[in-house]
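If you want the building blocks of each chain, they are given just below.
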Amino acid sequence: MVWVLGLTGGIGSGKTAASDYFAKLGICVVDADVVAREVVEPGEPAWLAIRDRFGADAFLADQSLNRAWLRQKVFAEPGERIWLEQQTHPRIRERIIEQLSKATSAYAVLVSPLLFESGQSALTQHTLLIDVPEPVQIERASQRDQNNEEQIRRIIAAQMSRADKQAKANDVADNSGTLAHLHQQLDQLHQRYLTLAAS
Ligand code: ATP
């Protein structure tokens, strides 16, 4: 199995900016968010299980998940959240492992906003936090999504605190400056990861 770097950071911290750069350096990137969407695509086992349990309410006209309805459901009934996670989490994990096992680069990157919270860090050898102060996070995330500040603050409050993530991560890259400054730090880290992966 390839040596895996887990890459994380809060909403709007620059995970995608960082993983795009690793991809440019030739490193295979697996995105946990993309995998999480794949396992509930129409016809997938988790999609079928959700249909059996909740019926048509759980879907939109195009058969994709009605995420707003499901969010309400699991918010109102915590037991249903546990059930839903039992359907999705093992399949996400399996698929992440499958995709990582196909990596052909010197090492691979697993990017996940909930790397520590979800236990996905257990699939990695080393972790890197993309770190920005909260005001920068709010400014960049709200410019990108037209989400209002209030929504972004709520998401930040629900994620693991910045201090806890800083304490858990093996490395921290500061993304409060320019993208060039981020890339500079990633160039140095990349050299170290090549060495670590080879040893
Ligand atoms: P999310 O978890 O919300 O998807 P993310 O951690 O993947 O976010 P990005 O999408 O990489 O974050 O970055 C958030 C926004 O900030 C994007 O619009 C991106 O272009 C911008 N951005 C990222 N890094 C910088 C930077 N150093 N300078 C200016 N803008 C940046």
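Along each chain, the written sequence defines residue order, and numbers are assigned to residues from 1. Note on the predicted model: pLDDT of at least 70 is required for a residue's local features to be given, and 80 or more for side-chain atom pairs to be given and counted; whole-chain, interface and lining totals, by contrast, use all residues. Here the side-chain values reflect all heavy atoms present in the structure, with hydrogen atoms and water set aside.

S.K.: So what exactly am I meant to see when it comes to the overall build of the protein here?
M.R.: Counting its secondary structure elements, the protein contains nine helices and five strands. For helices the rule is a DSSP run of H or I covering at least 4 residues; for strands it is a run of E covering at least 2, with both sets numbered from the N terminus onward. Reading the helices (α) and strands (β) of the protein from amino to carboxyl end gives β-α-β-α-α-α-α-β-β-α-α-α-β-α. Based on C-alpha atoms, the radius of gyration is set beside the globule rule, defined as 2.2 Å times the residue count to the power 0.38. Its C-alpha atoms give the protein a radius of gyration of 18 Å, within 12% of the compact-globule value 16 Å for 199 residues. Counting only C-alpha atoms and orienting by the principal axes, one finds that the protein spans roughly 50 × 40 × 30 Å.

S.K.: Can you help me understand the pattern of salt bridges in this one?
M.R.: Between side chains of opposite charge, pairing is possible as soon as their charged atoms come close. Just to be clear on terms, a salt bridge is a Lys or Arg side-chain nitrogen sitting within 4 Å of an Asp or Glu carboxyl oxygen. This model, assessed by the stated rule, comprises eight salt bridges. When the shortest N-O distance is used, the salt bridge between Arg 95 and Glu 44 registers 2.9 Å. Within this pair, whereas Arg 95 is found in helix H5 (residues 78–101), its partner Glu 44 is found in the loop between helix H2 (32–38) and helix H3 (45–54), the two being separated by 51 residues in sequence. Its salt-bridge partner being Arg 153, residue Glu 149 comes within 2.9 Å of it at the nearest N-O pair. Separated by four residues within a single helix, Glu 149 and Arg 153 lie in helix H7 (residues 149–158), roughly one turn from each other.

S.K.: Looking at this model, I keep getting lost on the site of the ligand. Mind explaining?
M.R.: Throughout, near means a residue has at least one heavy atom within 4 Å of the molecule or strand. Around the ligand there are 14 residues in total, and Lys 15, Thr 16, Ala 17, Arg 144 and Asn 175 lie nearest to it. In the analysis that follows, any N or O atom pair within 3.5 Å is treated as a polar contact, provided that within protein one partner can donate a hydrogen and the other can accept it, and provided that, for residues neighboring in sequence, both atoms belong to side chains. With respect to the ligand, the backbone of Gly 12 contributes an N or O atom lying 3.1 Å from an oxygen atom. In the model, an oxygen atom of the ligand is placed 2.7 Å from a nitrogen or oxygen of the Arg 144 side chain. For the shell around the ligand, the secondary structure elements donating two or more residues are helix H1 (15–24) and helix H6 (134–145). Here the shell around the ligand takes three residues from H1, the largest share from any one element. Basically, the charged four are Asp, Glu, Lys and Arg, the nonpolar ten are Ala, Val, Leu, Ile, Met, Phe, Trp, Tyr, Cys and Pro, and anything else, Gly included, counts as polar. Grouping the amino acids of the shell around the ligand by side-chain chemistry returns three nonpolar, eight polar and three charged.

S.K.: Even after reading the chapter, I still don't get helix H9 (residues 179–198), so can you show me in this structure?
M.R.: Since one α-helical turn is 3.6 residues long, residues separated by three or four positions face the same way. Given a helix with a known number of residues, its expected span is that number minus one, times 1.5 Å. The end-to-end C-alpha distance of H9, which contains 20 residues, comes to 28 Å, matching closely the 28 Å that a straight helix rising 1.5 Å per residue would cover. Burial here depends on accessible area, computed with a 1.4 Å probe over protein chains only, as a share of the maximum for the residue type. Under 20% is buried, over 50% is exposed, and the range in between is partly exposed. For H9, the full list of buried residues reads Leu 182, Gln 185, Leu 186, Leu 189, His 190 and Tyr 193. For H9, the angular spread of buried residues about the axis comes to 155°, placing them on one side. Away from the buried face of H9 by more than 90 degrees, exposed residues Ala 180, Gln 184, Gln 188, Thr 195 and Ala 198 are located. In this description, the arc belongs to the directions extending from the helix axis to the C-beta atoms.

S.K.: Before we go on, may I ask you to explain the sheet that holds strand E4 (residues 126–131) in this structure?
M.R.: Backbone-to-backbone hydrogen bonds join strands into a sheet, with any given pair of strands oriented parallel or antiparallel. Spatially, the five strands line up as an open sheet ordered E2-E3-E1-E4-E5, and their pairing is parallel. Each end of this open sheet is capped by a strand with a single partner; those strands are strand E2 (28–31) and strand E5 (171–174). Going across the sheet, the axis of each strand differs from the next one's by a mean of 25°, ignoring polarity. Here four bridges tie strand E1 (residues 4–8) to E4, and the two strands are oriented parallel to one another. The partner of Leu 7 across the bridge, within E4, is Leu 128. Any two strands with at least two DSSP-identified bridges between them are counted as paired. Axis definition: a line fitted to C-alpha atoms, limited for helices to the stretch in contact. Angles are taken between N-to-C directions and run from 0 to 180 degrees.

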